[in-house]
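Here are the chains, one letter per residue:
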Amino acid sequence: MAPEEMKREAIKTFCNLQRIKAANNGHENKELDYQIKEATVQLNSLNISVEELTL
C-alpha cells in the first residue's frame, strides 16, 4: 500500500471511530476507547495530528 493510501485509510478509520463515539451518547465503551487510542498512535506515526479530527 502506498504511503498516501495508508494515510487516507488511517484518517478514515479514525474519523469513523469518532463518529461512533459521538453517537454513543456518552456511554462508556472501553473497546471503542482502545481502538481510538490505537488509531491515534497510527496517525501520529504517520505524522498526522488528530487534534483537528477529534470531535
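What you see is a predicted model; the values in this text were computed from it and never measured.

**Student:** Is there a simple way to think about the pattern of salt bridges in this case?
**Tutor:** Proximity of charged atoms lets side chains of opposite charge pair with each other. Under the counting rule described, the total for this entry stands at 2 salt bridges. For Lys7, the salt bridge identified is with Glu4, shortest N-O distance 3.8 Å. On the criterion of helical spacing, the pair formed by Lys7 and Glu4 is a turn pair, its members being 3 residues apart in helix 1 (residues 3–23). Exposure remark for Lys7: the relative accessible area of 27% places this residue in the partly exposed category. A salt bridge links Asp33 to Lys21; its shortest N-O distance comes to 3.3 Å. Linking Asp33 in helix 2 (residues 30–45) with Lys21 in helix 1, this pair joins segments that are 12 residues apart in sequence. A relative accessible area of 29% places Asp33 in the partly exposed class.

**Student:** What's the story with the nonpolar core in this structure? I'm lost.
**Tutor:** A general tendency of soluble globular proteins is for nonpolar side chains to be buried together. Core analysis: the biggest nonpolar cluster contains 10 residues, these being Ala10, Phe14, Leu17, Leu32, Ile36, Ala39, Leu43, Leu46, Ile48 and Val50. Of all the elements in the fold, those that place two or more residues in this core are helix 1 and helix 2. It is helix 2 that provides the largest number of residues to this core, a total of 4 residues. Discounting residues that sit within four places of it in the chain, Ala39 has contacts with Phe14 and Leu17.

**Student:** Teacher, can you tell me more about the environment of Leu46 here?
**Tutor:** Among the secondary structure elements, Leu46 is positioned in the segment after helix 2. Judged by its relative accessible area of 18%, Leu46 falls in the buried class. On a C-alpha basis, the gap between Leu46 and Glu4 in space is 9.8 Å, while along the polypeptide they are 42 residues apart. Apart from residues no more than four positions distant in its own chain, Leu46 is found in contact with Met6, Lys7 and Ala10.

Conventions adopted
Residues numbered from 1 in each chain as written. Predicted model: local features only at pLDDT ≥ 70, side-chain atom pairs only at ≥ 80, totals over all residues. Heavy atoms only, no water. Salt bridge = Lys/Arg side-chain N within 4 Å of Asp/Glu carboxyl O. Helix = DSSP H or I, 4+ residues; strand = E, 2+ residues; numbered from the N terminus. Buried < 20%, exposed > 50% of the residue type's maximum accessible area, 1.4 Å probe, protein only. Core = buried A, V, L, I, M, F, W, Y, C linked by side-chain atoms within 4.5 Å. Contact = heavy atoms within 4.5 Å.

Remember that the coordinates give geometry; whether it matters functionally is a separate question.
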